[in-house]
Structures are given as structure tokens and as C-alpha cells.
Number of protein chains: 2
Amino acid sequence: MASSSSLHLSQALLARATSLHSFNSSSDRISLSGVSLPSFSGLKSHSSNSSSTKPASVSRRRGVGSGSVIRAAAVETLDKTTEASLVEKSINTIRFLAIDAVEKANSGHPGLPMGCAPMGHILYDEVMRYNPKNPYWFNRDRFVLSAGHGCMLQYALLHLAGYDSVKEEDLKEFRQWGSRTPGHPENFETPGVEVTTGPLGQGIANAVGLALAEKHLAARFNKPDNEIVDHYTYVILGDGCQMEGISNEACSLAGHWGLGKLIAFYDDNHISIDGDTEIAFTESVDKRFEGLGWHVIWVKNGNTGYDDIRAAIKEAKAVKDKPTLIKVTTTIGYGSPNKANSYSVHGSALGGKEVDATRKNLGWPFEPFHVPEDVKSHWSRHTADGAALEAEWNAKFAEYEKKYKEEAAELKSIITGELPAGWEKALPTYTPESPADATRNLSQQNLNALVKVLPGLLGGSADLASSNMTLLKMFGDFQKNTPEERNVRFGVREHGMGAIANGIALHSPGLIPYCATFFVFTDYMRAAIRISALSEAGVIYVMTHDSIGLGEDGPTHQPIEHLASFRAMPNILMLRPADGNETSGSYKVAVLNRKRPSILALSRQKLPQLAGTSIEGVEKGGYIISDNSSGNKPDVILIGTGSELEIAAKAADDLRGEGKAVRVVSLVSWELFEEQSDVYKESVLPASVSARVSIEAGSTFGWEKIIGSRGKAIGIDRFGASAPAGKIYKEFGLTKEAVIAAAKELL
Amino acid sequence: MASSSSLHLSQALLARATSLHSFNSSSDRISLSGVSLPSFSGLKSHSSNSSSTKPASVSRRRGVGSGSVIRAAAVETLDKTTEASLVEKSINTIRFLAIDAVEKANSGHPGLPMGCAPMGHILYDEVMRYNPKNPYWFNRDRFVLSAGHGCMLQYALLHLAGYDSVKEEDLKEFRQWGSRTPGHPENFETPGVEVTTGPLGQGIANAVGLALAEKHLAARFNKPDNEIVDHYTYVILGDGCQMEGISNEACSLAGHWGLGKLIAFYDDNHISIDGDTEIAFTESVDKRFEGLGWHVIWVKNGNTGYDDIRAAIKEAKAVKDKPTLIKVTTTIGYGSPNKANSYSVHGSALGGKEVDATRKNLGWPFEPFHVPEDVKSHWSRHTADGAALEAEWNAKFAEYEKKYKEEAAELKSIITGELPAGWEKALPTYTPESPADATRNLSQQNLNALVKVLPGLLGGSADLASSNMTLLKMFGDFQKNTPEERNVRFGVREHGMGAIANGIALHSPGLIPYCATFFVFTDYMRAAIRISALSEAGVIYVMTHDSIGLGEDGPTHQPIEHLASFRAMPNILMLRPADGNETSGSYKVAVLNRKRPSILALSRQKLPQLAGTSIEGVEKGGYIISDNSSGNKPDVILIGTGSELEIAAKAADDLRGEGKAVRVVSLVSWELFEEQSDVYKESVLPASVSARVSIEAGSTFGWEKIIGSRGKAIGIDRFGASAPAGKIYKEFGLTKEAVIAAAKELL
């Protein structure tokens, strides 16, 4: 990314599915949808622009107290200027696009879009700042539909707002093979969708991550004369999200961090799949959120109280030191005469008869998928407005770049995801003479080396920083009043941590979040890890205490099945380094894989630096660390990972002493090895050699793939035990002697 | 369990690790530790007993307002009668047992026991009703240490109270191989420990399950003249538990259900592993719990305010319609002059020097592990008291049995875990002519058939009852005012649901909880499922929508790696039935495995009733459903599970039409198949036949074990997609044609 144009900068982020809108940043004037905009340099830092007659409105769109004096040329707001009837019509357009798409697919969730159409309209038409032709414009407001099943709300809004990802034909292909309108919002399918939601509670936690990223970047990069980072994060969550523990975890942190630019709409419709929430959900959400340190507002009539919604947003923006929960009481399936306010409208098509009745009830004479001309025309301004917003920001960035060269370069790297040249030289390397150490400590050496060269690296642990060894020594804690720092303290909230990390990763391509806990507690956050993998969020999971080697804490803390369980998961790298070089290699791989998360399984116990390990080896997933055979025909191949590679190496020494030709293979990442060429794989594990022994302190499940039907897998197929680590290894038969015995059986 | 003695009834539950105390229920008087107790029949329903001079104290121990007029003979309480100095000494004994054990192990967590010793002492010495010589006495008060790392607190208390599971030598073997005092509390190792804790937040959710069980059984079985079920559930949880989302989920339900006999002590010590909780946990817990519908009490001086703790418990018992949170502000590591109130005392031994300083500071002149004689003597009464409590209850049960024969038989079945004779006859069976149906619907037929014969079956779904098909039609909802019902509405709280189910399962051997969500959302509750497996809680997990077959909801909802991930987990049964008979077989296995949880993966989509499937087949895990080969030498073996067994069967038909000898194997449970004899396994999958094709709509990870190096696994090693199910099956190549093609390659 050599271009110095800040416009290119954000355009570069347009992903595969969006058709690029043609910009020409070198011309003095840009023509966009027939709207003439001043060029960047022509934008002056005062208020003499076309919307100067509505300063209050402008200020709502721009965010209260942004501190900036630059104003967008083409920004305009709706409230008082737009006829109430048109607002109503726009809201009903949203409702019927949802109804019609669900009806055509005969599958989906019409209830939420019908109830949330008013807040959706106000957000996308009146409040949010975005550029529909560049969904990846850096400084856009973020919107997350945490209640992801209601995705037709978001698709309808993206469609009206002019996003190229959701055309009329896309709406008609809702929930069909290959469409850009899948059954739940997926960021990797639909530009304009920020994160992947559907599994409840994830979205609100992602939103906390997005808001954290904004607060952090703003604190790091904003200058008194140039607030280059400045956007809001909006989220809609429902009763289901509220019940999930993950939302309480994330919202507790949001309150603790004082994420004032996080504004959450709680769609309080009293209906969940099983019926009235009275049957399982009678807590006072308001009180809970007050306890969590949020500002809470209740909009009692979310169905038609548009001004109340507007006022609530204004109030929320005015509260700068707390996130805001706007509880909006709505009617699920609003407008459906016979199904509104019942679970039957939650997750099924209304049915032709009820669609007709709803059309009649809401006075909607149009064909399915029809957007009335006046509604279309009204929304069309967002294309020009959005371009202007981005242009304004690009001008601002150009100013910033001139004045703050170094910071601009860092910020650019975060915005584009381009890694600084030569960053990988920071990775520490080791020799067999380097002191033995736990891979969790070697991981800390890597993190502290990398943070010096990776401006987007930040993260932390779920209250185990001193056990996971994740503290960045150069930095302090990211806290409410020190948001520029990079050590994030998640508390004992693994699930929230994972989802927040997803939000950070998906905020900007160059943000590289890591998060940490004991490997066994990936069980607490597995749903978030899976969404990292699915949504291509390159989170680095630093998972220490990776086996029975943790010792006395016992079976509740000792992972057994976890390596296998992640090896079975798509699009994730499960890495189990054996020593320093392999830990560095794992970090290299993890940093490079920005669209595939990595899990590093790291030891609590000291491990020697082995001969033959290398960063390059790790990049291949599996490789030979030592071999005394010739002609690719060892008598036996010993295969290990992580802390057991040492045992394999020692067994090989003994067997070689007895004259055997023994190869030792480190299989640090099965996924990476699988991706190598057949020639390479054959060079490591030749098909003709069936005498193979594997050793790994975990379930043997899956090892048949590597060792074949004749091979022997030494592992643990029971739960662990509480005792000193050495004792457990011995009692469980994870020993050099066992490897030698197994090898001899095969020779 | 033919004996009619109710004493035998509870004694029968004594598990492997406890030495049985010898009772003689047929004698008129029982001699226990030199205390003479009246015989059962001699217990009269009035208050003329040895403790009648302290009615207030008796009432505290018995629970306020139990409604019963029977009083225990040998019950006595401490408060006003025991010298304050002895209480202090007892509390310090607890502290030093913890300090000494951690010191000797050079591993463990002394901080919590030192801070919580006062509440621990008051609970076990003054408040709780238990029989140390029979840790499984049905009507005991339950205690859960949710902050499980502080287990030395519980071990010290069990030791002082006279439990045979924790002798002095056990304390000295803390955290050593084979000891009964592992690094975290494990119910399967240490009688007196109710559930397995350590992973934070699980314990408080287990406690909600225990309290639910009590409320349910009390409502079902108590009579105006005989409250045969009547106990409290106490729990200690720390800051870590409070931060975990699972605790919010479970506590929201506890408030909703009005579990008045659940009393939780929140050890508010402001320290977690990373330091002061200020860095990550600044919410108002009080306010949150008020929002959750709990009664909240704050004991400001938990270190020495013994009377405040006592008063709080009294107040908590008086509040009958809400659970109570007693926030007890303590000093972690209380007594340690240099380490108290710091994270350094949380998870490491104090070190010799600091132990000495603490001894000096608390005036403790004794050797390590010493229990002063007066403390020992004081606590010794619990053996007699406990026996008396149980004897009293046994007498009560005898009365109950006489008067309420039917209910007594049901309750006895729940207490002992003995399944009613012939229960399995209720399992529905099917023929190939039976209508095609989704296995989730067939599951519902099973649940509704079984609930008629299994008095302990109860459960529900995480807000998906109508999708998971888990409603018991004979019953209403378990709710605050209808706790006798058996449909539990968990709301969208998968993790809490799993842990609550664990608590229910471990309350009484005959309680058979089931719980349900979409299979993919096992990710949300995996930590709880793992504890089911580890702690031998026979929960039945009803997991529907088990593959891409769910269709339009898309990849966020489509499990891929989940079957493999559970096949790798120890002590759990992963069952994937293909049709009605296999669903019935899966339920038979699940009900019989009371110490091993079962996961049933069930289809959303309709499946035909296949020829050759059977309950007996399922019990073997893998079996032949059709075969046209002879001499155990088929040309090819097609192996399927669940919804893909139909595809395998159809492919076999075609191949047979072409003259091939084809065997079709259903591998419904890998674990059960693995447990069969080698002879049986060879009869199903003969070693000589390497032409094997598997088909399963999930990750192929692990299938090499079954199909060998030559075999072909048809599955899905990527994330799913949003589209109608049939389309996805076709696009992903999960078709009869693919099976036939793969088979032909191998022939």
C-alpha cells in the first residue's frame, strides 16, 4: 500500500463481494451520483456549508461533542424536515421487505424486523455516519445486530441505504444457496455487516470490542486539533441476548471501561421462542445494567414513539463516560393483526393470508419487494452524503498525515492491515544452549518483542495475566482513563473476552488482538472461538497450561480432548509449539493469518530448547527435527507435539544408540501440514513407513490419520489427576520408555 | 433395594470411598460415639428432648418455618453456649489446616480458606444439618464451594466435622497422586463434596440445580403432616464466579424461580489473580442481584463479625420467596501479616517464613496439622448429632411410607436411583412402515413415554422447547409457584442450564435431568458438559438440529466439528440415532448410564424408519443393519450415523443391484462400540475388509480409526451454508452417488 492517498487507504479495504464504486481522488471535484462535492482541499474548517441552517440536526449526525469544527458538506438530517408520513412509509418499507423476503424463502424471522423497523430507520437514515459505497470506510459508525436472526432488518436497511451488497435480487435470494443474504448476518458474505451474529449474545460482546477499539485508537491517535478517530458503535439486542451470560460479561466490562460511544438498543418485546419471557426471564434488566455501570433509558413506545427514540439517542450521546442501554419496548411482529406479540411471528413466515392481512392493516398496497419511489428517493441521498463524509475524513486524514507523520503511518498500518516491513525480524530465536523455559514464558518474550513492531497488537488475559504470561511490559492497562494502553484486563470472563477480541479484530484489519486463559477454559469461550474461525477474525488465542503437565490443579484444569476438538474445527490453526523456536514460529504464523484465528497451546512447565526446531518448520506444520535414516526409509518415525516432542527426541537418541534409523517429526500444526504439497508430506511421513509412534499429552482421537492403522498412539484417553506433573506423566505412561517399547513392537 | 428400612435407603447411597459407619436399625437404641439416642419408633412428635432448653437455637439449625413439629434429639447449637474463644480457635484451626496442607504440597490456594474460615465454621458447626458418617443422607443440607480453588476450606471442615473421607493423613496428602484431597473439590473422589468445582461459576449454577431439586421434590412429596424433603443449599462464591456469565445466567433463574432455600455467600475480598478487582470488576454486584430478584445482605466485617454472619443467615432463612446473597467482605489470606489482602496469597503457598509469621500473628503455637483437643472435642458432637438427624428423618420416612405408600415408593426410587422394574418396556419401537419423522420428534415420543415410568425424569430446553421437541405433555412448567411440575424453562441460558442439570443429577441418584438446545450451541455449555462427564452426572443432553440438515439458518447454526469434539471427550456418550428405533435405543442407553452423561444428536429433518435398526444394536454402539455378504467378507462396508445412515442404505441397495456384497453398519455411538469384545467388533468391521466408506454430515476428523488408511470418509471439513437442506447436501456432496462412487473406487 504505497499510495499516500488516504482515500485509497479506506477503499483498499473493500472486500470481495462489493462492486467498487469508481472514485478519482486526483481530480478537483468528484462526481458521485450526480452530486457535486467540493474537493478535499476545498473543504474549509468552518460552518459555511449547505446544512448550516440546521446546526442541531447536523450535530446529531456528527455526534455530540466530537470536538471537530469541520462539517460535512452534504450532511442533512431528517427529523423535522422529513414529513412524518414519509418516515412512516420508510419504516413500513423495511417491515415489508422483511415480510416479503421471509415469505419468499418460507424461512426466517419476520417478527424482529417488524418491531425494530422504527429504531432501524432512525439509526440508518438519521443518525449513523457511513458511506454505502465503501462499507469499509474506516471512520464509519459501526452497527451490530446482536439479535442476528432478525437479519432481514439489516438487509432491508443496507438495501435502502444504497449498499451494493444488498440489491433487490439479493433480497429475493434471502437464505438461498450462494446468496449475499444468508440466514444470519455474516460479515464475510455481506459487506456492510460488521460481524457475524446469530448465536445470541455474541453481537453485543462484539460491539463492546468495536467500541473498545474506537476508544483505544482515538486515545492513541487523536490530537487536540484533529480527532481523526471518532465514531459510535450501535447495537440492537433482544431478550435472548440479554439472557446469555456472555452479554453480562461483556456489558460489565463496557461499564467498567466507560465506553461512552457504545449505544445499545434493547428490543424489549417480551417474546422469545418459547413464548412470553415471563416464563423464564423476569429479572429487572434496567437495574442490572445500572449495576453494571450503564446509563439506562426506557423508551416505552418503540412502535410509534419515534421522537422518543430520537431523544434517547441524543441523551445517550450526551453521556460520555458510560455506555447507554436504551430499552425500547416494542411489539414483535408489529402490524400483523393476528400474529403480532406472539412467538409464532418470531421464527416463521407469516403465511400468505396473514401477509395480506398485514398489508391491509398497515395500508400497504404494494407488490412484494416494492420500495415506493418517494422512499427510494429519500434514502438515495446517503450515497452522496456518505461519499462526502468519507471525503471529509480523507481530507482530515491528509491534514493529519502532514502534521503527525509517524502517528499517521501507524494508524494507516492499522487501517489497511499492512504489516510493517521486516516485522518478523523481531521474532526471537533460540539455540539448544538457550535456557530451558516454559513455552508460556517464551510466548511472553514473543509478545513483548512483537508489540514493538506491530502497532495493532493488543490484548490480555481473563484474570490470569501472571499465569498466562501475557503482560506487555512497555504498556500500562487499557482502562477507562488510560485507553491508549494495550494491556486489556478482561477479568474472569473468557466468553466475553473471545467475542470482544472478535470485535477488535473486525474493527480494523491491522488490529491484532490476543487473548488468554488456561487451555482447558477454551470450553468457556468455544462459541466465540468458533465465530473467530467462521467470521475470519484473526484473533490469537494464547492458551497456557496445555496438558496434565500443569499438575496439581487436577482434572478440572487439565485439557485432554481440546487439541482434537480444535483440529476438527474449520478455518482455525491449532498450534502446539515444543520450545522457543517453535513458539516464535507459531507467532509468525498467527500474525500472518489475519483471516484465520490461531490457538497457541503452551506449557506451564519448563521445556528444553531442542535441536532441529525452527520457525520455518512451524510454517510447514510438520517437519523433521532429527533423523539418522537415509533414502527416506527410517525404521521408525516418532511423532510428537509440544512438551512431548522432547520425550520423542530422547527416545530416538536411545533407539539410535541401539542402531536403529529413527526420524523425529514435530507436528506442531496439523492444519498447516495438511496444506503442504504431497511431495513434502511424503518427505516427512513416507507412505512406505508404517512403523510410527506418536506421543502427545492429550486424547489419541484423530491420530490414526497420522500414524495409520499399524501405528501406535501414546496419549491420554481419560481425565487427568491432581498430583505433581512428573508423577502424572509417569502414571499415565507418557514416558521415553513407553515410546521405545511401542517403537520396538513395530520394528 | 427390597429392604423396607428407610435407614438402609440412605445408607445404600454411601459410595466407594467412604468407610461405612455401622448402624443397627433393628435395635431399640443406637449407640453412637457414646451418645444414646431414642430409637426411631421412640421419637415422638413433640419437643420434649434434650435440646428443649434452647428452642431458638434448634430452630436455627432446623431452618426457620420448616413447618415440622418433630425435633431432633441430639441437635445442639453453638452460638450462645460456646465460648467465643473456642469459636476463634476453631476458625484458626481451619485456617492453619489450610495453610499447612498448602505448605506441605507447596501448591494450592491458602487465601480463600483463611478469609472464609469464619463463615465456613459457622456453616458447618452451627448451621448445616448433615451426618458425617453418611455423606449421602438424602435430606442433608448441601454445601457447594463454587470458588473451588479454596478447597482446603472444605477439606478442613469435612475433617473437623468427622467425615471419614478426610482424615489427617488425607490432609497431608493434599494434591498428591491418589489422594482424596485433590487440587479442586471432586465429588467422585471425596464423599462430602457434592459437586465438582474449580472452573469458576459452575458451582453457583450447580447450587441452583440442587436448590431446584429440593424445591421440586418438596413440592411433589411433602404433606401437610410430613415435610419429608426439607433442606437448604449453601454456596460460597468469589469474585471470579461473579464475573463469569454462567453465574449471572443461573442466578437470574434462581431469582425467577424464587429459590428461597438457596443461600449464597459472596466472598467479597476484592482480590483476584491479576490483583485488585478494581482493574476489571467495578460493577455493583448488590444492585445486579437485586435486579435478578435476590434478597441481598451485606456483612461488612466477614473477618471477625461472627454474629453478623449468624444474623445474616437467620435473615436469609426468613426470606422464603427469594434466594439470598450474603455479601461477606473478607480479607483474603486473613492473618498473614505480609501477604493478606494481596494476590500473592491467592494461589501459592505462604512460604515457611510467612507461615511462621502468621502463626505468631494469630497466636497459634501448634505443630502443622494439629487440631487442638478442645476444638476436636467440640466438633466431635457432629457424629452423634448427624446420626440423630438421620435417624429422625428415617423415622419420619417410615411414617411417610406407612401413610403415603405410592409417593414413598417414588421418592425412594429417586433417592436410591433404582429404576422401576420394566421401565424400558415404555420405549417406543418402530417398523419400516412407521411414518418417517425427524429424530427430534421421535425423541419427544421417548421423553413422553419415559416420563410415565421414570419418577425422576425432568428437564427442558434453553428457550427452544418447540424446536427441540422437549415438552412433557403430562406436566406443566416448573415455576416459582408450580415447582412440582417437570418442564423446566431455562431461557436462553445454555451454560447455566448444563450446570443446573449437573446439580439436579448430583442431588439424588434417581433424578434424571435432560436439557436441550441446538447441537451447535453445545459450544455455549461445553464447560458444563465436561463437568457432567468428569463428575459422573448422568445428564441427558437432547441436542437437535444436528447438522447442515437444519438448512437456512446457516453456518452459525450448523454443527460441523461437534461430533468429533465429543467423541474425543472422556466419559461421555455421543449418540447419533438414525431413526425411531435408534432414538429409543439411545434413550435406553442414556437412562441406564447414570454415571456417564449422554448427548443425543437429533435431526431437524424427517428421516425414514430404516430396516434393520434396533434398540439392541444401539446398545452395542455399532452394528450391521443390512448385509448381503457371506463369511464375514463383504466387498465393501458402508458406515453411516444419524441422518446419513439412510444415504448409506440407499447406496447399498444400488450397489447390491450391481451384484456387490455390501454391508451397512450404523455407528451410532463410537464409545459403546469401542467397549464391545474384539470378537464382536471383528464381526462388524472385519480387519480383512479395507474397502470401507463412511458418510456423516460432519467433520471427517477421527474417521480414519474406523475406515482405516485405505477407506474413504465422506463428510464436511468446512463451515456450512445458508440454504435449503437438500441443496446443501447436494452441493457438499453428501449423496448416495458420492457413496457409490467412493465404494467403486475401493472395489
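Residues numbered from 1 in each chain as written. Chains lettered and ligands numbered in written order. Predicted model: local features only at pLDDT ≥ 70, side-chain atom pairs only at ≥ 80, totals over all residues. Heavy atoms only, no water.

A. Quick look at the packing of aromatic side chains. A complete count under the given rule lists 43 aromatic pairs over all chains for this structure. Summarising the aromatic geometry, the rings of F701(A) and W670(B) are spaced 5.7 Å apart at their centres and angled 40 degrees between planes, so their arrangement reads as tilted. Of this pair, F701(A) sits in the loop between β22 (692-695) and α25 (704-707) while W670(B) sits in helix α23 (residues 670-674), each in a different chain. Here F701(A) and W670(B) have matching classes, each one buried. Ring centres 6.2 Å apart and planes at 75 degrees place the aromatic pair W257(B) and F490(B) in the edge-to-face group. One end of the pair, W257(B), is in helix α9 (residues 245-257); the other, F490(B), is in the loop between β13 (487-489) and α17 (494-507), with 233 residues separating them in the sequence. (Phe/Tyr/Trp six-rings, centres within 6.5 Å; stacked < 30°, edge-to-face > 60°. Helix = DSSP H or I, 4+ residues; strand = E, 2+ residues; numbered from the N terminus. Buried < 20%, exposed > 50% of the residue type's maximum accessible area, 1.4 Å probe, protein only.)

B. Just the side chain of E194(B), in detail. Looking at the secondary structure, you find E194(B) in the loop between α6 (168-172) and α7 (202-221). There is a polar contact of 2.8 Å between the side chain of E194(B) and the side chain of R140(B). (Polar contact = N/O pair within 3.5 Å; in protein donor to acceptor, adjacent residues only side chain to side chain.)

C. Structural view of the interface of chain A and chain B. Listed as interface residues are 97 residues of chain A and, on the opposing side, 97 residues of chain B. For the pair chain A and chain B, the two sides together bury roughly 8,100 Å², of which 58% comes from carbon and sulfur. At the junction of chain A with chain B, the criterion picks out 10 salt bridges. Salt-bridge contacts for R175(A) lead to D553(B); the nearest nitrogen and oxygen are separated by 2.7 Å. Here chain A and chain B share 46 residue pairs in polar contact (both at pLDDT 80 or more) between them. Considered class by class, the residues forming the side of chain A that touches chain B number 36 nonpolar, 33 polar and 28 charged. (Contact = heavy atoms within 4.5 Å. Buried area = accessible area lost by both parts, 1.4 Å probe. Salt bridge = Lys/Arg side-chain N within 4 Å of Asp/Glu carboxyl O. Nonpolar A, V, L, I, M, F, W, Y, C, P; charged D, E, K, R; others polar.)

D. Structural context of the UniProt feature "binding site: Mg(2+)" (unreviewed entry) in chain A. Residue and element names in this part refer to chain A. In this numbering, the UniProt entry assigns the feature "binding site: Mg(2+)" (unreviewed entry) to D239, N269 and I271. Considering the C-alpha atoms alone, the annotated residues occupy 33 residues of sequence yet fold into one spot, their largest mutual distance being 7.6 Å. Position of D239 relative to the elements: it lies in helix α8 (residues 239-243). Setting aside residues no more than four positions away along its own chain, D239 makes contact with Y266, D267, D268, N269, H270, I271, T277 and F281. (UniProt positions renumbered as here; feature names shortened; annotations may be inferred.)

E. Representation of the sheet that holds strand β11 (residues 457-461) of chain A in the model. All names here are of chain A. Spatially, the 7 strands line up as an open sheet ordered β12-β13-β11-β14-β15-β17-β16, and their pairing is parallel. Of all the strands in the sheet, the pair left with one neighbour each is β12 (477-478) and β16 (573-575). Bridge analysis of β16 against strand β17 (residues 598-601) gives 3 bridges, and the strand direction is parallel. From the neighbouring strand, M574 faces β17, where its bridge partner is I599. (Pairing = 2+ DSSP bridges.)

F. Main features of helix α7 (residues 202-221) of chain A. End to end, α7(A) covers 28 Å across 20 residues, agreeing with the expected 28 Å (1.5 Å per residue, within 8%). Burial runs high along α7(A): 19 of the 20 residues are buried. (Expected span 1.5 Å × (residues − 1).)

G. Focus on the nonpolar core. Grouped together as the largest cluster of nonpolar side chains are 123 residues, with contacts concentrated most on L638(A) and L638(B). Excluding its chain neighbours within four sequence positions, the residues that come into contact with L638(B) are A648(B), A651(B), A652(B), L655(B), V662(B), R663(B), V664(B), V665(B), V693(B), V739(B) and A743(B). (Core = buried A, V, L, I, M, F, W, Y, C linked by side-chain atoms within 4.5 Å.)

H. Up close: the relation of the copies chain A and chain B. Of the transformation placing chain A onto chain B, the axial shift is 0.0 Å and the rotation is 180 degrees, giving an RMSD of 0.0 Å. On this basis, the relationship between the two copies can be described by a two-fold rotation axis. The residues that chain A uses at the interface reappear at the interface of chain B in 100% of cases, marking a shared surface. (Least-squares fit on C-alpha atoms with pLDDT ≥ 70 in both.)

I. How the structure looks around the pattern of salt bridges. By the definition in use, this model includes 85 salt bridges over all chains. Here D225(B) ties to K403(B) by a salt bridge, and the two come within 2.3 Å at their closest N and O atoms. Within this pair, whereas D225(B) is found in the loop between α7 and β4 (233-238), its partner K403(B) is found in helix α13 (residues 373-403), the two being separated by 178 residues in sequence. With its nearest N and O atoms 3.4 Å apart, the salt bridge here joins E745(B) to K712(B). Highlighted residues: E745(B) in helix α27 (residues 736-746) and K712(B) in strand β23 (residues 712-714), separated in sequence by 33 residues. Here K712(B) falls in the partly exposed class, since its relative accessible area comes to 28%. Residues joined by salt bridges that share partners form a network here, namely D125(A), R381(A) and D385(A).

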